[in-house]
Each structure stands twice: as structure tokens, then as C-alpha cells.
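One-letter residues, chain by chain:
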Amino acid sequence: MHLILASTSPTRLQMLRAAGLAVEAVAPRVDEAAVRDALVAEGAHPRDIADALAEMKARKVAEKRPEAIVLGCDQVLALDRETFAKPETPQDARNQLLRLRARSHKLLSAIVAYEKGEPVWRHVAEARLTMHAFSDAYLDDYLARNWDSIRHSVGCYRIEEEGVRLFSAISGDHFTILGLPLLPLLAWAGTKGMIAR
């Protein structure tokens, strides 16, 4: 069965290929920001927002590629019930990190699989991360050094890079933090006979 990742995320694609899966990446071409904003306005729970966005991406690609198993993924950062989007400017990133400083937040990573144009499996994984009370001076230096990388990341950090220095505690699966609950996906793929177990 042909496997498609409905995403342009190089991190997600690399994770799947590193796990030995033959996968093609196809951009879903959806207006994530508009859908996310509408769900937030309706008062949707962050977990449901992640799941809905993942499903929307999978469905969009599956409509054109029904012969494949299509994986849609999304990640939402939740501070209590407030959700964060990717920063648009360095000042936006600074404001987000000041809101997260010395507090705990959740990363909710959702994945939905479509087969023959229908949803057949879904999973939402959660990680909890706590930032320490870093100084304003460090924050400004961090943003100056890392803006080109973190501007593509919800929460304005990448734990596989210098962003790990912002944290005092991390609880949860590493793959979930990177945006794809890989272990549950591999378990499901094994039950489907897509990979050897």
C-alpha cells in the first residue's frame, strides 16, 4: 500500500523515513490558519483542534489519492485552553515566550490516517513541557540567534536545537514533541500488515 504524508514538514518526513517507511510527501493545500481561528472562535478544545486539522489535511490529499494510505498530522500548543500559532515576527515570538516563561504548557500532536478516501485510524498524543524563568537578556540573544529556525515552530522553540535550554522539565514522547506520534503509528501500521513486526 502506497503511503503519503499530507505535509511539507521535513521533520515528520525524516522521522517516517528513518523508521524504514517508504513515504511520499504531498502538500495538502489547506488554509490552516483560517480553520484554526474558526475552531478557536467556536471554543474548541485544543485536542480537538489538533485532531480536526490533521483530519482536514489527510482528507484533502486522500480525495485526490484514494489508492493510498494518507497520513495527516498537526500539532497544537496549549497554555491552559489558549492555543498558540507559529510566530509571524521576532516580536511575536518574544511575546509568546514571555507568556510561556516559568510555566507549563502542552503539545498535542494528532495524526489521522485515511484509506480509500475514508478515515480509518486516529491518535492524539500529549507532552507536557515546563520552561524555566530565563532572563530577558537570554531571551533576546536566543531570538537573535535562532529566529530563522524557530519562526516555523509553534511555541518558538525546537528542542532538538538550542530551544532545549529554555526548559526545566519535559514529560512525554520525543516524537510527539517533534509533531508526530510515531510509536502509536508504527503499532497501527504493524496491525495493518504495512510493516513487519
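Throughout this document, residue positions are counted from 1 along each chain, in the order its sequence is written. Side-chain atom pairs in this predicted model are given and counted only at pLDDT of 80 or more, local residue features only at pLDDT of at least 70, and totals for whole chains, interfaces and linings cover all residues. For side-chain calculations, the full set of non-hydrogen atoms in the structure is used, while hydrogens and water are omitted.

As named in an unreviewed UniProt entry, the chain is Nucleoside triphosphate pyrophosphatase, taken from Tabrizicola soli. UniProt positions are given in the numbering used here, feature names are shortened, and annotations may be inferred rather than shown by experiment. Turning to the chain, the UniProt annotation filed under Cofactor (unreviewed entry) states: "a divalent metal cation". Quoted verbatim from the Function (unreviewed entry) field of the UniProt record, the comment on the chain reads "Nucleoside triphosphate pyrophosphatase. May have a dual role in cell division arrest and in preventing the incorporation of modified nucleotides into cellular nucleic acids."

> Could you clarify how one ought to interpret the overall build of the chain in this entry?
Helix numbering and strand numbering both begin at the N terminus, where a helix is a DSSP run of H or I of at least 4 residues and a strand a DSSP run of E of at least 2. Secondary structure assignment for the chain yields 7 helices and 7 strands. Listed N to C, the secondary structure of the chain is β-α-β-α-α-β-β-α-β-β-α-β-α-α in terms of helices and strands. In this treatment the radius of gyration is a C-alpha quantity, and the globule benchmark scales as 2.2 Å times the residue count to the 0.38 power. Relative to the 2.2 N^0.38 estimate, which gives 16 Å for 197 residues, the radius of gyration of the chain is 17 Å and therefore close to what a compact globule would have. Expressed as lengths along the three principal axes of its C-alpha atoms, the size of the chain is roughly 55 × 35 × 25 Å. Classification of the 197 residues of the chain by burial places 46% in the buried group. Contacts between residues were defined by any pair of non-hydrogen atoms, one from each residue, lying within 4.5 Å. Put simply, of all contacts in the chain between residues at least 6 apart along the chain, 67% involve residues at least 24 apart. For every accessible area listed, the method is Shrake-Rupley and the probe measures 1.4 Å; residues are considered covered only by the protein chains on display. With the model as given, the accessible surface of the chain reaches about 9500 Å², and the carbon-plus-sulfur share is 49%. In this charge count, Lys and Arg are treated as positive and Asp and Glu as negative; neither His nor the chain ends contribute. Every charge is mapped onto a representative atom, which is NZ of Lys, CZ of Arg, CG of Asp or CD of Glu. In the chain, which carries 26 positive and 26 negative side-chain charges, the distance between the mean positions of the two groups comes to 3 Å. A 1.4 Å probe rolled over the protein chains alone gives each residue an accessible area, and that area as a share of the maximum for its type sets the label: buried under 20%, exposed over 50%, partly exposed in between.

> Help me understand the UniProt feature "active site" (unreviewed entry) in the chain in this model?
According to UniProt, the "active site" (unreviewed entry) feature falls on Asp74. By secondary structure assignment, the location of aspartate 74 is in strand S3 (residues 69-79). Among all residues touching aspartate 74, those that are not within four sequence positions of it are Arg12, Glu32, Arg36, Ala50, Leu53, Ala54, Lys57, Leu108, Ser109 and Ala110. In the analysis that follows, any N or O atom pair within 3.5 Å is treated as a polar contact, provided that within protein one partner can donate a hydrogen and the other can accept it, and provided that, for residues neighboring in sequence, both atoms belong to side chains. A polar contact is formed between the side chain of aspartate 74 and the side chain of arginine 36, at a distance of 3.4 Å.

> Help me understand the pairing of strand S5 (residues 104-115) in this model?
Consecutive side chains of a regular strand alternate in pointing toward one face of the sheet and then the other. In terms of burial, S5 is largely enclosed, as 10 of its 12 residues are buried. Strands are labelled as partners when DSSP assigns at least two bridges between them. In this sheet, S5 lies alongside S3 in antiparallel orientation, the contact comprising 10 bridges. Paired with glutamine 75 across the strands is serine 109, a residue of S5. Alignment of S5 against strand S6 (residues 118-131), held across 12 bridges, turns out to be antiparallel. Across the sheet, the residue bridging to serine 109 is alanine 125, located in S6.

> So what exactly am I meant to see when it comes to the nonpolar core here?
For soluble globular proteins, the rule of thumb is that nonpolar side chains tend to be buried together. Counting 24 residues, the largest nonpolar core has Leu97, Leu129, Met131, Tyr142, Tyr157 and Leu166 as the members making the most contacts within it. Among the secondary structure elements, those contributing two or more residues to this core are S3, helix H4 (90-100), S6 and helix H5 (136-150). Broken down by element, this core gets its largest block of residues, 6 residues, from H5. Residues grouped as a nonpolar core are buried Ala, Val, Leu, Ile, Met, Phe, Trp, Tyr and Cys residues, joined through side-chain atoms within 4.5 Å. Counting residues in hydrophobic clusters, the runner-up holds 20 residues, among them Ala54, Met56, Val61 and Val76.

> Please clarify how the packing of aromatic side chains should be interpreted in this entry.
Centre-to-centre distance and the angle between the planes together describe a pair of aromatic rings. Any two rings among Phe, Tyr and Trp, with Trp reduced to its six-membered ring, count as a pair given centres within 6.5 Å; such a pair is stacked if its planes are under 30 degrees apart, edge-to-face if over 60, and tilted if neither. Counted by the stated rule, this structure contains 3 aromatic pairs. Where tryptophan 121 meets tryptophan 188, the ring centres are 5.2 Å apart and the plane angle is 15°; that geometry is what we call stacked. Of this pair, tryptophan 121 sits in strand S6 while tryptophan 188 sits in helix H7 (residues 182-191); the two residues are 67 residues apart in sequence, bridging distant segments of the chain. Since its relative accessible area comes to 10%, tryptophan 188 is described here as buried.

> For this particular structure, what's the right way to read the pattern of salt bridges?
Any two side chains of opposite charge can pair, so long as their charged atoms come close to each other. The working definition used for a salt bridge is a side-chain nitrogen of Lys or Arg within 4 Å of a carboxyl oxygen of Asp or Glu. One pass over the structure, following the stated rule, counts 17 salt bridges. Residues arginine 103 and aspartate 80 are paired through a salt bridge, measuring 3.2 Å at the closest nitrogen-oxygen approach. Remark: aspartate 80 occurs in the loop between S3 and strand S4 (82-84) and arginine 103 occurs in the loop between H4 and S5; sequence separation between them is 23 residues. On the basis of relative accessibility, which here comes to 62%, the residue aspartate 80 falls in the exposed class. Where arginine 99 meets glutamate 82, a salt bridge forms, and the shortest distance between an N and an O atom there is 2.2 Å.

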